[in-house]
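# Survey of secondary and tertiary structure
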Amino acid sequence: MTAAIATGLPAYDHRPGEGPTLVFLHYWGGAARTWRPVIDRLPGRGTLSIEARGWGRSRALPGPYTLEQLARDTRAVIADAGVTDYVLVGHSMGGKVAQLVAAARPAGLAGLVLVGPGPARPAAVVTPEYREALSHAYDSDETTAAARDTVLTATPLSDDLRAQILADSRAGAPAARIEWPLHGIAQDITREARDIDVPVLVVAGEHDRVEPAGVLRDNLLPYLRRADLSVIPGSGHLIPLEAPDELALILRDAPSAPSGGRG
């Protein structure tokens, strides 16, 4: 895997290979390396993992850090990498960004895989009080570890992965760190979701406390034309780290036309 960065663009890792290329967008607090366990299980497949503006290697890039800006960045990185046939794979915040990218119906987009995504219609729990509390989740090592262990995950992880989650969550620029909880998570993009015209697979973790399968059934699937829901047993919200084998198996066949079921 080779890393690349262009002036004004987020950092990204591009591995040419068989296609369509899988373009990975990470969660709030994640990084391009969040997807490494999944990518390592997809030998030969073309992959492109993006480090969102304001996070990790892209921390120094100026704002805004809005969903719209992250969607613009995604399109620009795809073009910079020379990728012309691809499937977007977005996790959590990255899943909501992926919906905005797909809604514009860009050339070359073959499908969409949304992994524990932020739903098009914000869940009822996303009140101003909830958002304010969430904006402080990564304020310190202690609060970040608590979020990791009690909210984000439902399965045991290695010490290395636990340390990675802590480091990546703390690596965001202050303005980027609060943009999602204060604004992006509450943004209604149902109109845009209705414009998505490629096959969509929504992947949920059985024990996800952040974006439960029930919320995705009610607040996302009704706004997608061609979608299926797949639930991964045992996993919490950090599906790329908790269930990389299961997710890689799903992605080996991406894109595939949904069967019309709702999971």
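Coordinates for the structure precede this section.
My aim in this report is to walk through the structure given alongside it, one point at a time. No experiment lies behind these values; they were computed from the predicted model shown. (Residues numbered from 1 in each chain as written. Predicted model: local features only at pLDDT ≥ 70, side-chain atom pairs only at ≥ 80, totals over all residues. Heavy atoms only, no water.)

Another point: the pattern of salt bridges. If you walk through the whole model with that rule in mind, you get ten salt bridges. Residue R53 pairs with D73 through a salt bridge whose shortest N-O separation is 2.8 Å. Of this pair, R53 sits in the loop between strand 4 (45-50) and helix 2 (67-80) while D73 sits in helix 2, placing them 20 residues apart in sequence. By relative accessible area, which is 5% here, D73 ends up buried. Of the charged contacts in the structure, one is a salt bridge between R162 and D149, with a shortest N-O distance of 2.9 Å. Placement of the pair is R162 in helix 6 (residues 159-170) and D149 in helix 5 (residues 141-152), with a sequence separation of 13 residues. (Salt bridge = Lys/Arg side-chain N within 4 Å of Asp/Glu carboxyl O. Helix = DSSP H or I, 4+ residues; strand = E, 2+ residues; numbered from the N terminus. Buried < 20%, exposed > 50% of the residue type's maximum accessible area, 1.4 Å probe, protein only.)

On to the pairing of strand 5 (residues 86-91), then. Within strand 5, six of the six residues are buried, which leaves the element mostly enclosed by the surrounding structure. Side chains of strand 5 alternate between two faces, with Y86, L88 and G90 and V87, V89 and H91 buried alike. Where strand 3 (residues 18-25) and strand 5 come together, five bridges link them in parallel fashion. Within the sheet, the bridge partner assigned to V23 lies in strand 5 and is L88. Strand direction decides the pairing type here: strand 5 and strand 6 (residues 109-115), joined by six bridges, are parallel. Paired with H91 across the two strands is V115, which belongs to strand 6. Since strand 5 and strand 6 lie parallel, the crossover through helix 3 (residues 93-103) that links them has a hand, and here it is right-handed. (Pairing = 2+ DSSP bridges. Right-handed = clockwise from strand over helix to strand, strands pointing away.)

We now examine the layout of surface pockets. Each pocket or cavity is described by its volume, and for the largest pocket that value is around 310 Å³. Counting only elements with at least two residues in the lining of the largest pocket, the list comes to helix 4 (128-134) and helix 5. Here the lining of the largest pocket is composed, by residue class, of 13 nonpolar, three polar and two charged. (1 Å grid on protein atoms, 1.4 Å probe; cavity = no way out; pocket = protein on both sides within 12 Å on 5 of 7 lines; lining within 4 Å. Points joined across faces, edges and corners; volume = space filled by probe spheres on them. Nonpolar A, V, L, I, M, F, W, Y, C, P; charged D, E, K, R; others polar.)

This part takes up the environment of L9. Secondary-structure assignment places L9 in the loop between strand 1 (2-4) and strand 2 (12-15). Residue L9 is classed as buried on the basis of its relative accessible area, which comes to 13%. With 42 residues separating them in the primary sequence, L9 and E51 have C-alpha atoms 9.7 Å apart.

A separate point is the packing of helix 2 against helix 3. Taken N-terminus to C-terminus, the directions of helix 2 and helix 3 make an angle of 70°; their axes are 9 Å apart at the nearest point. Taken together, the axes of helix 2 and helix 3 lie roughly perpendicular to each other. Side by side, helix 2 and helix 3 meet where L67, E68, L70, A71, T74 and R75 of the first sit next to M93, K96, V97, L100 and V101 of the second. Partitioned by chemical class, the residues of the contact of helix 2 with helix 3 number seven nonpolar, one polar and three charged. (Axes fitted to C-alpha atoms, helices over the stretch in contact; angles between N-to-C directions. Parallel < 35°, antiparallel > 145°, perpendicular 65-115°, else oblique. Contact = heavy atoms within 4.5 Å.)

In this structure the tally under the stated criterion is two cavities of 30 Å³ or more. When its volume is computed, the largest cavity comes out at roughly 90 Å³. Every residue along the wall of the largest cavity is listed here: P10, L25, H26, I50, A52, L70, D73, T74, M93, G94 and V97. Considered class by class, the residues forming the lining of the largest cavity number seven nonpolar, three polar and one charged. When its volume is computed, the second largest cavity comes out at roughly 30 Å³.

Attention now goes to the packing of aromatic side chains. This model, assessed by the stated rule, comprises two aromatic pairs. Judged by centre distance (4.7 Å) and plane angle (35°), the rings of F24 and W35 are tilted. Residue F24 is found in strand 3, and its partner W35 is found in the loop between strand 3 and helix 1 (36-39); the two are separated by eleven residues along the sequence. Pair check on accessibility: F24 and W35 agree, each one buried. Seen from their ring centres, W28 and Y138 are 4.2 Å apart, and the 25° between their planes marks the pair as stacked. Of this pair, W28 sits in the loop between strand 3 and helix 1 while Y138 sits in the loop between helix 4 and helix 5, placing them 110 residues apart in sequence. Y138 sits in the buried class, given a relative accessible area of 2%. (Phe/Tyr/Trp six-rings, centres within 6.5 Å; stacked < 30°, edge-to-face > 60°.)

Looking now at the packing of helix 5 against helix 6. The interhelical angle for the contact between helix 5 and helix 6, taken along N-to-C directions, is 125°, at an axis separation of 10 Å. Here helix 5 is positioned oblique relative to helix 6, judged by the angle of their axes. In terms of crossing hand, the pair formed by helix 5 and helix 6 is right-handed. For the pair helix 5 and helix 6, contact is made by D141, T144, A145, R148 and D149 and by R162, A163, I165, L166, S169 and R170, respectively. (Left-handed = near helix turned anticlockwise from the far one by under 90°.)

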